[in-house]
Amino acid sequence: MFIITYKSEFIRFKKGMSKDEVKGILGKPFKIEHCSHKENEKLIFKLDSGRPKSVLYSVLFTDDHLVYVAKLN
């Protein structure tokens, strides 16, 4: 399970969630990175944290299923 803070709320993501479920929660990705294995894809989300600088999260999917969520900054 992965937990992030977004708009002053804790959001839980479970391994195996679909890409559409994650996009439904976080919105449109800021950037999409394709990995060396074509079934892997990283989405970068830029979220407003209420501070001057937004927070970036990297979300990795394999076969459209969530593998991990990592804070980049």
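Presented here is an overview of the structure given in this document. Here the residue index of a chain counts from 1 through its sequence in written order. Reporting in this predicted model follows two pLDDT cut-offs: at least 70 for local features of residues, and 80 or more for side-chain atom pairs to be given and counted; totals over whole chains, interfaces and linings ignore these cut-offs and use all residues. Excluding hydrogens and water, the side-chain figures rest on all heavy atoms present in the structure.

## Quick look at the pattern of salt bridges
Line of reasoning, step 1. The salt bridge definition used is simple: a Lys or Arg side-chain nitrogen within 4 Å of an Asp or Glu carboxyl oxygen. Taken as a whole, this structure holds 3 salt bridges when the rule is applied.
Line of reasoning, step 2. K19 serves as the salt-bridge partner of E41, at 2.2 Å between the closest nitrogen and oxygen. Taken together, the residues span a long stretch of sequence, with E41 in strand 4 (residues 40–47) and K19 in helix 1 (residues 19–26) at a distance of 22 residues. An identical accessibility class is assigned to E41 and K19; each is buried.
Line of reasoning, step 3. The partner of D64 in a salt bridge is K19, with the nearest N and O atoms 2.9 Å apart. With a gap of 45 residues between them, D64 in the loop between strand 5 (55–62) and strand 6 (65–71) and K19 in helix 1 connect regions that are remote in the sequence.
Line of reasoning, step 4. Judged by its relative accessible area of 42%, D64 is partly exposed. What counts as a helix is a DSSP run of H or I of at least four residues, what counts as a strand is a run of E of at least two, and both are numbered from the N terminus. With a 1.4 Å probe rolled over the protein chains alone, any residue whose accessible area is under 20% of its type maximum counts as buried; one over 50% counts as exposed, and the rest are partly exposed.

Shape descriptors only; they carry no functional weight alone.
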